[in-house]
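Chain residues, written in single-letter form:
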Amino acid sequence: MTQGVISAFFIFLIFSERKAVMYCMAEILSVGIDIGTSTTQVIFSRIAMENTAAYFAVPHVSIVDKRIVYKSAVHITPLLTPVLIDGEGVRDIVAAEFEKAGFTPADTDTGAVIITGESARKENAATVLEKLSGFAGEFVVSTAGPDLESVIAGKGSGAWKYSVDHACVTVNLDIGGGTTNIAVFSRGDVTAKGCYDIGGRLIRISPEGRIQSVSPAAAAAAKAAGVSLIPGDRADMQTLSAVTDKMAELLAEAMGLLPPSPLLHQVKTPGSTDFIPPDKPARICFSGGVADCIREDLTGDPFRFGDVGPLLGRSIREGLLYRTIPAMEAGETIRATVVGAGTYTTTLSGSTIAYDAALFPLKNVPVLKLTAAEEEAAFRGGEKVLSDRMAWFAQQSGSARMLLSLRGRRDPTYGEVKTLAACLARAADLALPPGEPLLIGLREDMAKALGAAIAPLLRGRPLVSIDSVQMEDGDYVDLGRPLMNGLVIPVVVKTLLFG
Amino acid sequence: MAEPERIAAIVAEVMAQLRRTGSVTLPQNAQPREEGDCDDITSPACRKISLLDHPQDPEALERMRGRTTARIGVGRAGPRLKTRTMLTLRADHAQARDAVFADVNSALPEKLGMFTVETRCGDKNTYLTRPDLGRRLSDKAVETLRQRCTPTPDVQIFASDGLSSTAIEANLEKILPALTDGLKAKGLTVGTPFFLRFGRVAAEDHVAEILGAKVVCVLIGERPGLATAESMSAYIVYNSYVGIPESKRTVVSNIHKDGISAVEAGAYLTEVICKILEQKASGVDLVK
């Protein structure tokens, strides 16, 4: 653009500013509901988005602000029996919090109901989530899975942001009732995650000061510490401290400060990935209910919560972990997971995309990520590899609905886009039943061009082609209704579900 | 062992040690240089080399440099730029000048089925010194357009060198078919495309008058800067005439491989042009 034109348009830019504000901002209400091992919480936040591109450039909508507008009290997760969550009880808590916050389920645009820690392993976890999904509006996801929880908690606690702001490596330990979720952030990238069955509520203490229940992981830790915990026995500070010391030691092992013992492997949460400790984290961040017990001195009744959380907090504070890696102040401790769930799960697609609007919202769509070789074949026009994989995937997942995840190419030629489009259209014909939409997610910014090239070839099959999204095999995605005059769609990438 | 071989062995050993300790970084399989050989300082590999001495956090510096094409972290010699920075600046400036002064390879419009016409400038120097002449087509061009172009199309697209022939060579082949196919798929009539030498943006107004097109879109090379010479813009105008206010133009700028890629821009422009036709308005009158 020539200089003259820039200054000429600059004047118009000023005049059109009001119009720009009217058309270029949007705000959505997001709800986060977390049903953890020991606590249940609800938060509401407003997520603001804006077209941040220059007036003369192609639009680029991004999230510009996230504001928490309501935080619920921390409720104890109601249980019917040690293996059954009181679904009605949870529902009542959530209903009451909606009312207190002044919102109805219809007000919410997005968000997440997540069931975390030991709660996820309760027999009726899936049913409980189902009961809640109606609460949380049309486009609210229910997610679970130890890895995702780790990342969500690390974002909610502020560890992720610290790693971005200070361009360093941070590690977040979200120590809750049943599990410790660990995530490592390197300048905003998640570089490692994992989960261990270490938490403050693994041993429960009755109001009379007796041991009420001992989880298998706590029993294993007790055994390693050379003490025995028998339900019904008097809760003895020294014995229990020996067990929590052992737990703190296991966390130090997990962080690579001590050589890993066989016990560490034993307490790894089923379904979590193997955690690989970072070389030199600049900061460690503690969140979760136990985090508050690390900071505070152990005063008052150590068993006031009916568990060993305060003891575990003290063990960590006096242990190797706390002394070795400098700690950072967490923005949220006990609320980290719910804040993360409510504010960090929704992302936006690229702003030049193609779709049939009638399809949205789409929920729980499994992701089929093409390997580099498969993608290469697709770019060369070989649909056979692709359709075989799609058919196999449909058979595995029991449904023909899937989202194809591709990397795409930066600055492709039109020929490349057309070849790929033709290949995808043929593969869809071969592998998908008539009328089943073709859903495509790309990393590189080429979705609109690809969508435009595919659409005429689909003969009426609906299409979604979005970009600037990153999804892995095994992920599930929710795609919400288009926002900002249809420029973008909200995307939630999650790792589900119940087996 | 003969003397030269021993020396070579010692040198290799010392270099290997230095590399291990990180005291020096050498390019992989560095070849002994021929006399007169030198690096291409404008190559991506050379641009990556940080010139800042003793950075406190080399990794952070590299990350920051990766996020911008601005010349940051280049260090200095006393109060001045280092020789290498100075030379790179001059090389980039030379590239920018080349982009302005070069001609678009005539094979490119031919390949895309475009014929070539000129404005009233006649040569590059006149083009640069007489913007007014660059806004009007030559008499011969007017005649050619009348003969060879389909009149009164919904959309007339043409390309022009503008201030960067390099931009046209980098992007035209990618964007033109994407845009044309997109518009045709929407059921619009697309005029016969052509290439205009020595063109300014407002030449599109003259084209609109000659052909009676509802919408004219010129794909034109942007004045190159020191960051890229490959940036192209699309200026789109509805119901244009010679002398139309600049505010009536819709602009999509920054079309190049590090901005919006040409093919994706083609798909986006299709949508913008459809909106312009729907609303019968362009520029600031268009509700995006």
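Caption draft 1: Molecular detail of the overall build of chain A. Along the backbone of chain A there are 17 helices and 22 strands. The C-alpha atoms of chain A give 25 Å as radius of gyration, which agrees with the globular expectation for 499 residues (23 Å, within 12%). C-alpha atoms of chain A, sized along the principal axes, occupy 75 × 55 × 45 Å. Classification of the 499 residues of chain A by burial places 55% in the buried group. Working note: accessible area of chain A is about 20400 Å², and carbon and sulfur atoms make up 53% of it. Side-chain charges of chain A comprise 47 positive and 55 negative groups, with the mean position of each set lying 2 Å from the other.

Caption draft 2: Fine view of the domain arrangement of chain A. Here chain A is described as being made up of domain 1 (11–144), domain 2 (148–328) and domain 3 (350–497). The gap between the C-alpha centroids of domain 2 of chain A and domain 3 of chain A is 40 Å.

Caption draft 3: Inspection of the environment of Gly-474 of chain A at higher detail. All names here are of chain A. Mapped onto the fold, Gly-474 is located in the loop between strand E20 (463–466) and strand E21 (476–479). Under the relative-accessibility criterion, Gly-474 is labelled partly exposed at 44%. When the C-alpha positions of Gly-474 and Asp-174 are compared, they lie 24 Å apart, and in sequence the two are 300 residues distant.

Caption draft 4: View of the interface of chain A and chain B. Facing 30 residues of chain A, the contacting portion of chain B comprises 32 residues. For the pair chain A and chain B, the summed buried area comes to about 2900 Å², and 56% of that belongs to carbon and sulfur atoms. Summed over the shared surface of chain A and chain B, the result is five salt bridges. Two residues, Glu-59 of chain B and Arg-187 of chain A, come together in a salt bridge whose shortest N-O distance is 3.1 Å. Seen at the junction of chain A and chain B, the total is ten residue pairs in polar contact (both at pLDDT 80 or more). For the side of chain A that touches chain B, the secondary-structure elements that each account for two or more residues are helix H1 (3–15), helix H2 (17–24), helix H16 (414–431) and helix H17 (447–454) of chain A. With four residues, H1 of chain A is the largest single contributor of residues to the side of chain A that touches chain B. Residues of the side of chain A that touches chain B, tallied by class, amount to 17 nonpolar, five polar and eight charged.

Caption draft 5: Up close: the packing of helix H7 (residues 139–148) of chain B against helix H9 (residues 203–211) of chain B. Residue and element names in this part refer to chain B. Orientation of H7 relative to H9, taken along the N-to-C sense of each, is 45 degrees, at an axis distance of 10 Å. Overall, the two elements H7 and H9 adopt an arrangement that is oblique. Once H7 is placed against H9, the crossing between them reads as right-handed. Contacts from Val-142, Leu-145 and Arg-146 in H7 reach His-206, Val-207, Ile-210 and Leu-211 in H9. Looking at side-chain class alone, the contact of H7 with H9 contains five nonpolar, one polar and one charged residues.

Caption draft 6: Spotlight on the sheet that holds strand E15 (residues 346–348) of chain A. All names here are of chain A. If you trace the eight strands from one edge of the open sheet to the other, you get E15-E22-E21-E17-E18-E19-E20-E16, paired in mixed fashion. Among the strands making up the open sheet, the edge pair consists of E15 and strand E16 (354–355). Pairing of strand E18 (residues 403–406) with strand E19 (residues 438–442), which is carried by four bridges, proceeds in the parallel orientation. Across the sheet, the residue bridging to Leu-404 is Ile-440, located in E19.

Caption draft 7: Molecular detail of the sheet that holds strand E3 (residues 194–197) of chain B. Residue and element names in this part refer to chain B. Strands sit in the order E1-E3-E2-E4-E5-E6 across an open sheet of six strands; the sheet is mixed. Either end of the sheet is taken by a strand with one partner, and the two such strands are strand E1 (115–118) and strand E6 (249–255). The average undirected angle you get between the axes of adjacent strands in this sheet is 25 degrees.

Caption draft 8: A look at the nonpolar core. All names here are of chain A. Residues Met-390, Leu-424, Leu-438, Ile-440, Leu-450, Ile-454 and Leu-479 are the most contacted members of the largest nonpolar core, which totals 52 residues. Considering every element that reaches this core, the biggest residue donor is H16, with ten residues. If near-sequence neighbours (up to four positions away) are discounted, Ile-440 is found in contact with Leu-403, Leu-404, Leu-406, Leu-424, Leu-450, Ile-454, Leu-463, Val-464, Ser-465 and Ile-466. Within the second largest apolar cluster, 44 residues are counted, among which are Val-171, Ala-221, Ala-291 and Ile-316.

Caption draft 9: Layout of the side chain of Ser-231 of chain B. Residue and element names in this part refer to chain B. With respect to the helices, strands and loops of the structure, Ser-231 is situated in the loop between strand E4 (215–221) and strand E5 (232–238). Judged by its relative accessible area of 6%, Ser-231 is buried. The contact partners of Ser-231, leaving out residues within four places of it in the chain, are Ala-167, Gly-221, Glu-222, Asn-254, Ile-255 and His-256.

Caption draft 10: Expanded view of the pairing of strand E22 (residues 490–494) of chain A. All names here are of chain A. Counting buried residues along E22, four of its five residues qualify, which places the element largely inside the surrounding structure. Bridge count between E15 and E22: three bridges; the pairing is antiparallel. Pairing of Leu-348 across the sheet is with Pro-490, part of E22. As judged from the four bridges shared by E21 and E22, these two strands associate in the antiparallel manner. Opposite Asp-478, over in E22, you have Val-492 as the bridge partner.

Caption draft 11: View of helix H3 (residues 87–101) of chain A. All names here are of chain A. The terminal C-alpha atoms of H3 lie 21 Å apart, and with 15 residues this matches the ideal 21 Å at 1.5 Å per residue to within 8%. Listed in full, the buried residues belonging to H3 are Gly-87, Gly-89, Val-90, Ile-93, Val-94, Glu-97, Phe-98 and Ala-101. Remark: Gly-102 follows H3 within two positions and exhibits a positive phi of approximately 85 degrees.

Caption draft 12: Fine view of the packing of aromatic side chains. Within the structure shown, the criterion is met by ten aromatic pairs over all chains. Here the aromatic rings of Tyr-355 of chain A and Phe-360 of chain A are separated by 5.6 Å at their centres, their planes lie at 65 degrees, and the arrangement is edge-to-face. For Phe-360 of chain A, a relative accessible area of 4% gives the class buried. Between Phe-115 of chain B and Phe-194 of chain B, the aromatic rings sit 5.7 Å apart at their centres with planes inclined by 20 degrees, giving stacked as the arrangement. Linking Phe-115 of chain B in strand E1 with Phe-194 of chain B in strand E3, this pair joins segments that are 79 residues apart in sequence. By the ring-pair criterion, three or more aromatic residues cluster together here, those being Phe-44, Tyr-70, Phe-98 and Phe-103 of chain A. Just above the ring of Trp-160 of chain A sits the side chain of Lys-155 of chain A; from NZ or CZ to the centre is 5.4 Å. Over the face of the ring belonging to Phe-379 of chain A we find Arg-409 of chain A, whose NZ or CZ atom lies 3.9 Å from the ring centre.

Quick notes on the rules
- Residues numbered from 1 in each chain as written.
- Chains lettered and ligands numbered in written order.
- Predicted model: local features only at pLDDT ≥ 70, side-chain atom pairs only at ≥ 80, totals over all residues.
- Heavy atoms only, no water.
- Helix = DSSP H or I, 4+ residues; strand = E, 2+ residues; numbered from the N terminus.
- Rg over C-alpha atoms; globule rule 2.2 N^0.38 Å.
- Buried < 20%, exposed > 50% of the residue type's maximum accessible area, 1.4 Å probe, protein only.
- Areas by Shrake-Rupley, 256 points an atom, 1.4 Å probe, with all protein chains shown as cover.
- Lys, Arg positive; Asp, Glu negative; His and termini not counted.
- Charge placed at Lys NZ, Arg CZ, Asp CG, Glu CD.
- Domains from an automatic or database assignment.
- Contact = heavy atoms within 4.5 Å.
- Buried area = accessible area lost by both parts, 1.4 Å probe.
- Salt bridge = Lys/Arg side-chain N within 4 Å of Asp/Glu carboxyl O.
- Polar contact = N/O pair within 3.5 Å; in protein donor to acceptor, adjacent residues only side chain to side chain.
- Nonpolar A, V, L, I, M, F, W, Y, C, P; charged D, E, K, R; others polar.
- Axes fitted to C-alpha atoms, helices over the stretch in contact; angles between N-to-C directions.
- Parallel < 35°, antiparallel > 145°, perpendicular 65-115°, else oblique.
- Left-handed = near helix turned anticlockwise from the far one by under 90°.
- Pairing = 2+ DSSP bridges.
- Core = buried A, V, L, I, M, F, W, Y, C linked by side-chain atoms within 4.5 Å.
- Expected span 1.5 Å × (residues − 1).
- Phe/Tyr/Trp six-rings, centres within 6.5 Å; stacked < 30°, edge-to-face > 60°.
- Lys NZ or Arg CZ within 6 Å of the ring centre and 35° of its normal.

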